[in-house]
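# Summary of the model geometry
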Amino acid sequence: MEDRDGLIWLDGEMVEWREAKTHVLTHTLHYGMGVFEGVRAYKTDQGTAIFRLEDHTRRLHNSAKILGMKLPYTESHLNEVQRQVVRENHLESAYIRPMAFYGSEGMGLRADNLKVHVMVAAWHWGAYLGAENIEKGIRIRTSSYSRHHVNVTMCKAKANGAYMNSMLALREATAAGYDEAMLLDTQGFVAEGSGENIFIVRDGVLYTPDLTAALDGITRRTIIALANQFGIPVVEKRITRDEVYIADEAFFTGTAAEVTPIREVDDRPIGSGVRGPITERLQSTYFDLVEGRYPPLADNWIDYVEAR
Ligand code: PMP
């Protein structure tokens, strides 16, 4: 990743990609106390546009607030920075990664003189779970790792350290030959994937776990809005793993994962083992929306990187 041409915004300045470095005593590197976002920009007919930029930046600020970290830039400043990074790297479509982390002014958990640094990078990143899986769907398995408990690490924050749990689960799943993990909460109910929210469809109704142990995903919110547009009932509730087994359809959502069908859970085919019709409709409208072709919702959620 580090050996590329391009520019990364770091603490108020655009720096050469290869020069965007930090010290080994960076506090966040040691203890994981930092916050980040994953945002996508898409090519639209009217230029490159960031999808739900304001919502992502607001979540970044809220994550920092939950951790008690003071971000030195306003939301509107960081919105403009993200547009600028996409623009100045001449990206037609992009994955954007803002992150706030503590500096190396002190070590130990008690360090209280730490500077908050903020960086924003962007690069081209295709389908996170594989291009062919957008149609074919993925095979997942229930993780032996539980998702965070609300009072262990708070689940509303997209915090760096929380992703150790995600990586343990993902590595376990991929080592066993699956594409992704399905994590249960500490009570045993379905929470989410390692970096995705989960939905199931049964008898025409869309179900998704409530947000107790899952991240408040922006793609999740988008799918709920699309389902509302289509008149598909949506129920947020506790879901058991066997409810997923007998679902007609299942899919993951995430900025990186977009809308990825799940075709098998714990070696049981979901429905007929192929992408289901409701998944396909929501997925194709999601791509229309992010690429600016779904005016009812695009008008509010599409943020062009070039001034218009
Ligand atoms: N859950 C987790 C744990 C995630 O990391 C992500 C990705 N940010 C999601 C869900 C999906 O969130 P979003 O749709 O906002 O990308």
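Parameters at a glance
- Residues numbered from 1 in each chain as written.
- Predicted model: local features only at pLDDT ≥ 70, side-chain atom pairs only at ≥ 80, totals over all residues.
- Heavy atoms only, no water.
- Helix = DSSP H or I, 4+ residues; strand = E, 2+ residues; numbered from the N terminus.
- Rg over C-alpha atoms; globule rule 2.2 N^0.38 Å.
- Buried < 20%, exposed > 50% of the residue type's maximum accessible area, 1.4 Å probe, protein only.
- Domains from an automatic or database assignment.
- Contact = heavy atoms within 4.5 Å.
- Buried area = accessible area lost by both parts, 1.4 Å probe.
- Salt bridge = Lys/Arg side-chain N within 4 Å of Asp/Glu carboxyl O.
- Pairing = 2+ DSSP bridges.
- Right-handed = clockwise from strand over helix to strand, strands pointing away.
- Patch = residues over 30% accessible without salt bridge, like charges linked within 9 Å, V, L, I, M, F, W, Y side chains within 5 Å.
- Areas by Shrake-Rupley, 256 points an atom, 1.4 Å probe, with all protein chains shown as cover.
- Polar contact = N/O pair within 3.5 Å; in protein donor to acceptor, adjacent residues only side chain to side chain.
- Near = heavy atom within 4 Å.
- Nonpolar A, V, L, I, M, F, W, Y, C, P; charged D, E, K, R; others polar.

Here the focus is the overall build of the protein chain. The secondary structure content of the protein chain amounts to 9 helices and 17 strands. For the protein chain, the C-alpha radius of gyration of 19 Å lies close to 19 Å, the compact-globule estimate for 308 residues. Referenced to the eigenvectors of the C-alpha coordinate spread, the extents of the protein chain come out at roughly 55 × 45 × 30 Å. Among the 308 residues that make up the protein chain, the fraction classed as buried is 54%.

Let's shift gears to the domain arrangement of the protein chain. In terms of domain boundaries, the protein chain breaks down into domain 1 (7-123) and domain 2 (133-290). The C-alpha centroid of domain 2 is placed 26 Å from the C-alpha centroid of domain 1. Contact with domain 1, which involves 21 residues of that partner, is made by 20 residues of domain 2. Both faces combined, the contact of domain 1 with domain 2 buries some 1,800 Å², and carbon together with sulfur accounts for 61% of it. Summed over the three residues of domain 1 that lose the most area to domain 2, namely Phe36, Phe51 and Arg59, the buried surface amounts to 34% of that side. Residues Asp55 and Arg221 are paired through a salt bridge, measuring 3.9 Å at the closest nitrogen-oxygen approach.

Let us look at the pattern of salt bridges. Where side chains of opposite charge bring their charged atoms close, a pairing between them can arise. Counted by the stated rule, this structure contains 21 salt bridges. One salt bridge in this structure joins Arg58 and Glu75, with 3.4 Å as the shortest N-O distance. On the criterion of sequence distance, the pair formed by Arg58 in helix α2 (residues 53-67) and Glu75 in helix α3 (residues 75-88) is long-range, its members being 17 residues apart. Judged by relative accessible area, Glu75 falls into the partly exposed class, the value being 26%. Ionic contacts of the salt-bridge type, sharing partners, join the residues Arg52, Asp55, Asp216 and Arg221 into one network.

Right, let's get into the pairing of strand β9 (residues 180-184). Of all the 5 residues making up β9, 5 are buried; the element is thus mostly covered by neighbouring parts of the structure. Neither face of β9 is exposed, since Glu180, Met182 and Leu184 on one face and Ala181 and Leu183 on the opposite face are all buried. Bridge count for strand β8 (residues 138-146) against β9 is 4 bridges, and the pairing is parallel. Bridging across to β9, Arg141 finds its partner in Ala181. The parallel pair β8 and β9, bridged by helix α5 (residues 163-175), forms a crossover whose chirality is right-handed. Examined bridge by bridge, β9 and strand β10 (residues 190-193) share 3 bridges and lie antiparallel to one another.

Position of Gly193 relative to the elements: it lies in strand β10. With relative accessibility at 0%, the residue Gly193 sits in the buried group. Considering only alpha carbons, one finds Gly193 and Thr142, 51 residues apart in sequence, at a separation of 9.3 Å.

We now examine a nonpolar patch on the surface. Residues Val24, Leu25, Tyr31, Met107 and Leu109 make up a contiguous nonpolar surface patch of roughly 520 Å² in combined accessible area. Mapped onto the secondary structure, Met107 falls in the loop between β6 (94-102) and β7 (116-123).

Its place among the elements puts Ser194 in the loop between β10 and β11 (197-202). Overall, the relative accessible area of 5% leaves Ser194 in the buried class. One polar contact links Ser194 to Glu180, side chain to side chain, over a distance of 2.7 Å. Residue contacts for Ser194: discarding those within four places in its chain leaves Arg147, Tyr163, Ser166, Leu170, Glu180, Ala181 and Leu183.

Surrounding the ligand, one finds 16 residues, the nearest of these being Tyr163, Glu192, Ile218, Thr219 and Thr255. One of the side-chain nitrogen or oxygen atoms of Glu192 is found 2.6 Å away from a nitrogen atom of the ligand. Ile218 places a main-chain nitrogen or oxygen 2.7 Å from an oxygen atom of the ligand. Protein contact buries 96% of the 380 Å² of open area that the ligand shows by itself. Listing elements by their share of the shell around the ligand, those giving two or more residues are α6 (218-230) and β14 (249-254). Looking at the shell around the ligand, its residues break down into 3 nonpolar, 8 polar and 5 charged.

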